[in-house]
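The chain contents come next:
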Amino acid sequence: AAMMMASVPNDEDSIAAAVAAVPERIIGGFFLDPTKPDAETRAKRAFDELGLHVACLFPAMFHFSMAECEGARAVVSLASERPGTAVFVHCGALSVGVRKKLGLLSKFDMRFSNPLEIYKLAAEFPQAKFIVPHFGAGMFREALMLADLCPNVFLDTSSSNKWMNYEPTPTDLPTIFQQALRVVGHERLLFGSDSSFFPRGWVADVFASQLDALSKIGVSAEQAQAIFGGNLKRILQMAEA
């Protein structure tokens, strides 16, 4: 099973069709630009009519502050009123592989990538669930700080985690997991692979490296099962298979 999100805004119907085809295998997330005037309406439809569970926001891509954008606040408010939903907020370094392959410029504004930008809304809406991917993608300290202060913040472990090259001292994935477990606990870590467009597909080596890292630091089978799927099913209120 997997959580799947669209690659472009306003493509909720494609994800809804995938979910409808195999509802026991796909959890739907929708890509949203909260600076658009119809953002709240689209989010409400995605949650209530299409049965999607996760609103996916990219502040650097669409040049908005999570702390100040009224559209983002409206989306979070909707999620807070709907158990089994979450708001995914991309923070830290942002690179879109398909744009690189096509030689397209990505005019992102990294000033809006700090995980601490989420704090204001996470504190205002404690019932909303927030997912920060890639351990903060280079802003690990800030992501840990946010999650430590806000129990409704979850960290996703996805991608190759090349952002570790930005750390001031050499580190590795077992060390990152160990620190995240110490601060956040296994109940708020969500496995992610960052699998994507054809032909890349399922990134098996990412799964293998994370499993190996958790094994090296002595994580129990029960904790690993929570990280590798149980936690996401719990916060999105998905039935166990």
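See the structure above.
What you see is a predicted model; the values in this text were computed from it and never measured.

A. How the structure looks around the overall build of the protein. Across its full length, the protein holds 10 helices and 7 strands. What you see for the protein is a C-alpha radius of gyration of 17 Å, in line with the 18 Å of a compact globule of 241 residues. Its C-alpha atoms give the protein principal-axis dimensions of roughly 45 × 40 × 40 Å. The buried share of the protein, taken over its 241 residues, is 49%. Across the protein, contacts joining residues at least 24 apart in sequence account for 71% of those joining residues at least 6 apart. Entry remark: accessible area of the protein is about 12,100 Å², with carbon and sulfur atoms responsible for 54%. Taken together, the 22 basic and 26 acidic charged side chains of the protein have centroids lying 4 Å from each other.

B. A look at a nonpolar patch on the surface. Taken together, the side chains of Leu 116, Tyr 119, Met 145 and Leu 149 define a hydrophobic patch exposed on the protein surface, amounting to about 340 Å² of accessible area. Tracing the chain through its elements places Met 145 in helix 7 (residues 140-149). Look at Met 145 and you get partly exposed, because its relative accessible area is 31%.

C. Representation of the pattern of salt bridges in the model. A full pass over the atoms with the stated rule returns 10 salt bridges. Notably, a salt bridge pairs Arg 45 with Asp 13, separated by 2.9 Å at the nearest N-O pair. Within this pair, whereas Arg 45 is found in helix 2 (residues 39-48), its partner Asp 13 is found in helix 1 (residues 12-21), the two being separated by 32 residues in sequence. Its salt-bridge partner being Arg 82, residue Glu 81 comes within 3.4 Å of it at the nearest N-O pair. Looking at Glu 81, the relative accessible area reads 53%, which means it is exposed. Put simply, Lys 44, Asp 48, Glu 81 and Arg 82 are held in one network by salt bridges that share partners.

D. Molecular detail of unusual backbone geometry. With phi around 50°, Ala 137 is a residue other than glycine that occupies positive phi space. Tracing the backbone shows Ala 137 in the loop between strand 5 (130-132) and helix 7. A relative accessible area of 6% places Ala 137 in the buried class. Despite not being glycine, Asn 161 has its phi angle at roughly 55°, a positive value. Mapped onto the elements, Asn 161 comes out in the loop between strand 6 (153-156) and helix 8 (173-183). Overall, the relative accessible area of 2% leaves Asn 161 in the buried class.

Calculation rules
- Residues numbered from 1 in each chain as written.
- Predicted model: local features only at pLDDT ≥ 70, side-chain atom pairs only at ≥ 80, totals over all residues.
- Heavy atoms only, no water.
- Helix = DSSP H or I, 4+ residues; strand = E, 2+ residues; numbered from the N terminus.
- Rg over C-alpha atoms; globule rule 2.2 N^0.38 Å.
- Buried < 20%, exposed > 50% of the residue type's maximum accessible area, 1.4 Å probe, protein only.
- Contact = heavy atoms within 4.5 Å.
- Areas by Shrake-Rupley, 256 points an atom, 1.4 Å probe, with all protein chains shown as cover.
- Lys, Arg positive; Asp, Glu negative; His and termini not counted.
- Charge placed at Lys NZ, Arg CZ, Asp CG, Glu CD.
- Patch = residues over 30% accessible without salt bridge, like charges linked within 9 Å, V, L, I, M, F, W, Y side chains within 5 Å.
- Salt bridge = Lys/Arg side-chain N within 4 Å of Asp/Glu carboxyl O.

Coordinates in, geometry out; function isn't part of it.
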